[in-house]
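Tertiary structure, described
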Amino acid sequence: MAVLGGGTAGAVVAARLIELTPWSVTVIEAGPDYGAFAAGGWPADLLDALTLPDTHDWGYRGAGVPGGAELTFERARVIGGCSAHNGCSQTTGYGPDYHRWGLSWDDKQVAQAMRDAAAALRVRAYSDDELTPFQAAAMEAMVACGIPRTDDLDDLDGGVGCGPSPVNNPDGVRWNTAFGFLDPVRAEPRLRVLDHAVVDHVELDGPTARRAHIRRHDRGVTVEAERFILCGGAYGSAEMLLRSGIGPASELAAVGIRPRLDLPGVGQNLHDHPTVELRFTASEELTRRLAEYGGTRPVPDEQVIGKARAATDPYDLHLFPWTERDRDGGWICVLPVACLTPHSRGALRLASTDPTAKPFIDHRYLTDAEGADLAALRDGVDLCRRLVASKPLAPLLARPLNAVSADRSPDDKALRAAFGHYWHPVGTCAIGDDPASGAVVDTTGRVHGTDNLWVIDASIVPTIPRATTNLPVVAVADHLARAMATPPPQPDPLENRACA
Ligand SMILES: Cc1cc2nc3c(=O)[nH]c(=O)nc-3n(C[C@H](O)[C@H](O)[C@H](O)COP(=O)(O)OP(=O)(O)OC[C@H]3O[C@@H](n4cnc5c(N)ncnc54)[C@H](O)[C@@H]3O)c2cc1C
């Protein structure tokens, strides 16, 4: 068994297969494997859950909103993947979203998968007395603006509400999936991790994947296996399939790749939660209060989340305020709003056959014909402006830093100029029944038209959930890995006899 990509989902899949089957599993990861947490070899920035590190980034860039600035699309290149450098907010979203994926999981199983994921990642909620003065005021402002206080951010039935975020940061450590899933099975000799190993492509013989071609320390290596599971993430898995000749045939031919399997959906359906950010300098009062807070403990960037409604029940916006340092050591307060139900869809396509070359990534943010995404964000910005003017927050904010923060009714240009994303790309190898309609994998994660090639990670999510995506990715990886490890039940001969 070869797991291609040892990131968030890859660590889960490898660990479950080791645990539940007698198979040997080789994990092939482009970045470094720093070993078990207890061995003490992990770099401090990846462990520190207070702020986002940038030392292990793939360096993806691409179009933002049409006509707007190019954006960076951060993705971690290290064992544990993005779970090893992300913001550690762990929300579960809205239960019915998960049934639209077509998987064989009911409400109970989804809830159990989320609970298991949260337990493995040691998720807890911030208590009120841990909140920084900015985070506490932002939460009070949400309540003042009609978003009720709640503790149900990890409840699949929850609606509009705000509260301290569930986080996976025991003792300040970002508890990634390598710690939560791989560490318990690291001593198992059937597990092998090949790090600094970039998968170029998987070689197909008809419908059967025979070997993965890998580049490691400037050398070509091949790995043979009975099954191959791509876990490269929303960009990486699509790239690996395309380089293997699996994708839209005409697009592949255009970059010089011989098409092996014409699957028009590979790289398509790319979507994320689009955001707009209001930005302010901190007032003298907030600067003083943050210094007081920071005198006794570290200051986390991000601690509270609000779920609000623009147009879709029960909620379709996330508010996730954060603080960051400016160049002079002062504080910047950011009030972002994310549209959780985006309609716009983009695409990823290869620029070349070289696995070290970056692909073209165009999310086509805010391009849906009805303008629903922009309308939701406009409502979100109106809400943020009310937060800014509210009694708890107003004294803490000083100078607006962009037009959307300064104007009472910002125009579309100002909104687009303040555009960002929530780091949650999904959908480029979507689950579905019909390849002609864009489905890439079936409901087990197996690539249509192949007999031993799977994709299990954020790329298979056909429609993004109303959640930060880490926990949902872990949950779906665990669900599909368990299904792969469990043979389908055989008919019970005694039951047949009783019926006869
Ligand atoms: C900056 C940032 C902040 C975020 N904050 C949050 C948050 O607070 N809460 C939340 O829930 N979600 C957050 N997310 C999103 C969440 O982390 C991701 O949705 C999730 O981790 C995706 O998991 P994945 O397994 O699909 O991909 P990844 O975790 O990206 O795993 C892919 C792995 O495959 C490897 N790989 C790719 N291509 C190859 C190749 N060719 N050869 C070998 N290996 C390869 C990569 O190096 C990586 O290790 C954030 C993401 C980012 C980037």
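Basis of the calculations
Residues numbered from 1 in each chain as written. Predicted model: local features only at pLDDT ≥ 70, side-chain atom pairs only at ≥ 80, totals over all residues. Heavy atoms only, no water. Helix = DSSP H or I, 4+ residues; strand = E, 2+ residues; numbered from the N terminus. Rg over C-alpha atoms; globule rule 2.2 N^0.38 Å. Buried < 20%, exposed > 50% of the residue type's maximum accessible area, 1.4 Å probe, protein only. Contact = heavy atoms within 4.5 Å. Areas by Shrake-Rupley, 256 points an atom, 1.4 Å probe, with all protein chains shown as cover. Lys, Arg positive; Asp, Glu negative; His and termini not counted. Charge placed at Lys NZ, Arg CZ, Asp CG, Glu CD. Pairing = 2+ DSSP bridges. Axes fitted to C-alpha atoms, helices over the stretch in contact; angles between N-to-C directions. Phe/Tyr/Trp six-rings, centres within 6.5 Å; stacked < 30°, edge-to-face > 60°. Lys NZ or Arg CZ within 6 Å of the ring centre and 35° of its normal.

Each helix and strand in the chain was counted, giving 14 helices and 24 strands. Relative to its length of 500 residues, the chain is compact, with a C-alpha radius of gyration of 23 Å against a globular reference of 23 Å. Across its three principal directions, the C-alpha atoms of the chain cover 70 × 60 × 45 Å. Here the chain holds 500 residues, and the buried ones make up 58% of them. Put simply, of all contacts in the chain between residues at least 6 apart along the chain, 70% involve residues at least 24 apart. Working note: accessible area of the chain is about 20000 Å², and carbon and sulfur atoms make up 50% of it. Side chains of the chain give 47 positive and 65 negative charges; the mean places of these two sets differ by 2 Å.

Moving on, we come to the sheet that holds strand 9 (residues 197-205). Strand order in the open sheet made by the 3 strands is 9-10-11, with antiparallel pairing throughout. Taken across any chain shown, the strands that pair with only one partner, and hence form the sheet edges, are strand 9 and strand 11 (219-224). Direction aside, the axes of adjacent strands within the sheet are offset by 25° on average. Note: strand 9 against strand 10 (residues 208-216), 8 bridges, orientation antiparallel. Within strand 10, the residue paired with V199 across the bridge is I214.

To continue, consider the pairing of strand 18 (residues 322-325). In the case of a regular strand, side chains alternate between the two sheet surfaces. Sheet analysis places strand 18 next to strand 19 (residues 331-339), joined by 4 bridges and oriented antiparallel. When the sheet's bridge partners are listed, W322 is paired in strand 19 with V334. Between strand 18 and strand 19, which follow one another and run antiparallel, lie 5 residues, and G329 among them has a positive phi close to 85°.

So, on to the sheet that holds strand 2 (residues 25-28). Taken together, 5 strands build an open sheet; the order of strands is 8-2-1-12-24 and the sheet is parallel. Either end of the sheet is taken by a strand with one partner, and the two such strands are strand 8 (191-194) and strand 24 (453-455). Geometrically, the sheet is characterised by an average inter-axis angle of 20° between neighbouring strands, direction not taken into account. Pairing geometry for strand 2 and strand 8, over 4 bridges, is parallel. If you follow V27 over to strand 8, its bridge partner there is V193.

Our next topic: the packing of aromatic side chains. If you walk through the whole model with that rule in mind, you get 16 aromatic pairs. Both rings, one in W58 and one in Y60, keep their centres 6.0 Å apart while their planes meet at 20°; by these two values the pair is stacked. Under the relative-accessibility criterion, W58 is labelled partly exposed at 22%. Owing to a relative accessible area of 4%, Y60 belongs among the buried residues under this scheme. Linked through ring pairs, Y34, F37, W42, W175 and F179 together constitute an aromatic cluster. A cation sits over an aromatic face here: R77 above W58, 4.1 Å from the ring centre. If you follow R325 out to its NZ or CZ, it ends over the ring of W331, 3.9 Å from the centre.

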